[in-house]
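Tertiary structure, described
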Amino acid sequence: MEIHLIENVFNPDQKRQIIQKLSDTMVSIEGENMRGVSWVKISEVTSGEWGIGGQPLTTEAVKDLAAGRKAA
């Protein structure tokens, strides 16, 4: 599984949780024997270099969304 995140949104503990929970989810579908070959790769995209709806998305905008504030 390849996961793309905007840089500086998730801390190292949150990234470990993402890896663990996604792996657990795949194993729940594939079976425990597949855990050893269930790979998760996290790639971080520079703030402002990921576009959604024609607009660049920044680290600050993602943090605002997560906090329930309207992104600028």
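Heads up: the structure comes first, above all this text.
In short, a report on the structure. For clarity, every value in this text was computed on a predicted model and none was experimentally measured.

Right, let's talk about the overall build of the protein chain for a bit. When helices and strands are tallied, the protein chain shows two helices and four strands. When the helices and strands of the protein chain are listed from N to C terminus, the series reads β-α-β-β-β-α. Over its C-alpha trace the protein chain gives a radius of gyration of 15 Å, far above what one expects of a compact globule, namely 11 Å for 72 residues. The dimensions of the protein chain, computed from C-alpha atoms along their principal axes, are 45 × 20 × 20 Å. Excluding contacts between residues fewer than 6 apart, the proportion of contacts in the protein chain whose partners are at least 24 apart in sequence is 56%. Element-wise, carbon and sulfur atoms account for 54% of the exposed surface of the protein chain, whose accessible area totals about 5300 Å². Computing the positive centroid from 8 side-chain charges and the negative centroid from 10, the protein chain places the two 5 Å apart.

Cut-offs used in this document
- Residues numbered from 1 in each chain as written.
- Predicted model: local features only at pLDDT ≥ 70, side-chain atom pairs only at ≥ 80, totals over all residues.
- Heavy atoms only, no water.
- Helix = DSSP H or I, 4+ residues; strand = E, 2+ residues; numbered from the N terminus.
- Rg over C-alpha atoms; globule rule 2.2 N^0.38 Å.
- Contact = heavy atoms within 4.5 Å.
- Areas by Shrake-Rupley, 256 points an atom, 1.4 Å probe, with all protein chains shown as cover.
- Lys, Arg positive; Asp, Glu negative; His and termini not counted.
- Charge placed at Lys NZ, Arg CZ, Asp CG, Glu CD.

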